Amino acid sequence: MAEDSMALIELMQKADGGDFLRSLAEAVQQLLMEADVDGLIGASRHERSAERVSYRNGYRDRSLDTRVGSLQLRIPKLRQGSYFPPFLEPRKTSERALVAVIQEAWIGGISTRRVDDLVQAMGLSGISKSQVSKLCKDIDERVHAFLSRPLTGEWPYLWLEATYLKQREGGRVVSVAAIIAVAANTEGRREIVGLHIGPSEAEPFWSFFLKGLLRRGLAGVKLVVSDAHEGLKAAIAKTFGATWQHCRVHWMRNALARVPKSQHAMVSAALRQAFLQPDAASASQTWRHVADQLRGKWPKLASFMDETEHDVLAYMTFPAQHRVKLHSTNPLERLNKEVKRRADVVGIFPNEQSIIRLIGAILLEQNDEWQLQSRYMQVEAMAELNTQHNEAQPAQIPPRAA
């Protein structure tokens, strides 16, 4: 303790007025960590003791933002076991994945000025390839286990959404689709069940992904909610034979594109009348009435309504308690925003594996949070769902002509 006091006094003498509080805080935190480690290994530094269980093995740097400034701490490392100070929060998996992706780009020599600035700001200069490999291996193992886990039980609802990211490939920068799948089971819980990266959204791409979900145990799918990709619609029909719901938000954008901007408010109000009806029959009747009213002035919009009625009103044949979650992919919007926010930090990913590492880590954390929340859907209505669809199956997507 006398040595610790002398160290504090010496530091106070050396520190100038502006950095005094910050330097003092650094010293106090460092002393606390050293004391913790002494107790953990059963001996002080250079002390011989029969109670010793491990040895010190250097330090790793870590910054801590406080009111007195950023503290530069040196966390002691052990030869056997590990130590992490209780006053610091471990980095989330997604944060470590982001660091790993930036490091990989940096070491690979393909970083832009923006990545360079990020690396310097995060204090990663001089990191070795072996350190990057170790960090990446740990994250990749956890993400792979999560994305390939078996799926048990029945999953009546499935949402699919594509997010486009930039990736380097053969010296070029290309756009790739990151497909995220979320499903709700008969217990009312939702989970992230899949992630797939590919060059396009053609039918073979979707079929490969959906068949992979089947192999992992995704069963009992009755409704799939997504945007109107022809390849996806065909893949759903062949893989699940389930009802397809055209995302109402995407449909509304497509519909309003067929009328002048000055008329958007009036037309959208008219279209919403069908969505406000209590049952499928009333919704269909209102839909046709609105289409006939608009036909004289905007025939293209009316024709579009005729063609897509069953697709956009498919959710009306499902339990009323569930419909607010079924008419669009909006439940995925918050998740997609978080994915884009983290991906924008990287900008251009060095390879496909780096995309899976970062996006998969984000999905893993989000899925864990969902499991701690209350049920996403009412369980009572699940029994109603099974009864309804055993008595009268809803119209399914017709297979595309060969």
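Now for a description of the structure that goes with this document.

Scoring rules and cut-offs
Residues numbered from 1 in each chain as written. Predicted model: local features only at pLDDT ≥ 70, side-chain atom pairs only at ≥ 80, totals over all residues. Heavy atoms only, no water. Phe/Tyr/Trp six-rings, centres within 6.5 Å; stacked < 30°, edge-to-face > 60°. Helix = DSSP H or I, 4+ residues; strand = E, 2+ residues; numbered from the N terminus. Buried < 20%, exposed > 50% of the residue type's maximum accessible area, 1.4 Å probe, protein only. Salt bridge = Lys/Arg side-chain N within 4 Å of Asp/Glu carboxyl O. Axes fitted to C-alpha atoms, helices over the stretch in contact; angles between N-to-C directions. Parallel < 35°, antiparallel > 145°, perpendicular 65-115°, else oblique. Contact = heavy atoms within 4.5 Å. Nonpolar A, V, L, I, M, F, W, Y, C, P; charged D, E, K, R; others polar.

Focus on the packing of aromatic side chains
Part 1 of the reasoning: Applying the stated criterion across every chain yields a total of 8 aromatic pairs.
Part 2 of the reasoning: Look at Y157 and F318: their rings are 5.9 Å apart centre to centre, the planes differ by 65 degrees, and that puts the pair in the edge-to-face class. Here the residue Y157 occupies a position in strand β3 (residues 157-169), and F318 occupies one in the loop between α11 (299-312) and α12 (323-326), the gap between them amounting to 161 residues.
Part 3 of the reasoning: Taking relative accessible area as the criterion, Y157 reaches 0% and is therefore assigned buried.
Part 4 of the reasoning: Its relative accessible area of 0% is what places F318 among the buried residues.
Part 5 of the reasoning: By way of ring pairs, the aromatic residues Y157, W159, F318 and Y376 are connected into one cluster.

Focus on the pattern of salt bridges
A pair can form between side chains of opposite charge whenever their charged atoms are brought close.
Part 1 of the reasoning: By the definition in use, this model includes 12 salt bridges.
Part 2 of the reasoning: Its salt-bridge partner being R288, residue E309 comes within 3.5 Å of it at the nearest N-O pair. Highlighted residues: E309 in helix α11 and R288 in helix α10 (residues 280-295), separated in sequence by 21 residues.
Part 3 of the reasoning: Assessed through its relative accessible area of 7%, E309 is described here as buried.
Part 4 of the reasoning: Accessibility expressed as a relative area gives 44% for R288, which makes it partly exposed.

Brief notes about the packing of helix α9 (residues 264-275) against α10
Part 1 of the reasoning: Where α9 meets α10, the axes come as close as 7 Å, and the angle between the chain directions of the two elements is 155 degrees. Taken together, the axes of α9 and α10 are roughly antiparallel relative to one another. For the pair α9 and α10, contact is made by V267, A270, L271, Q273, A274 and F275 and by A283, T286, W287, V290 and L294, respectively.
Part 2 of the reasoning: When grouped by side-chain class, the residues that make up the contact of α9 with α10 number 9 nonpolar, 2 polar and no charged.

Re the environment of K337
Part 1 of the reasoning: Position of K337 among the secondary structure elements: in helix α13 (residues 333-346).
Part 2 of the reasoning: Sequence spacing of K337 and T163 is 174 residues, and the spatial spacing of their C-alpha atoms is 9.7 Å.

Structural measurements only, silent on function.
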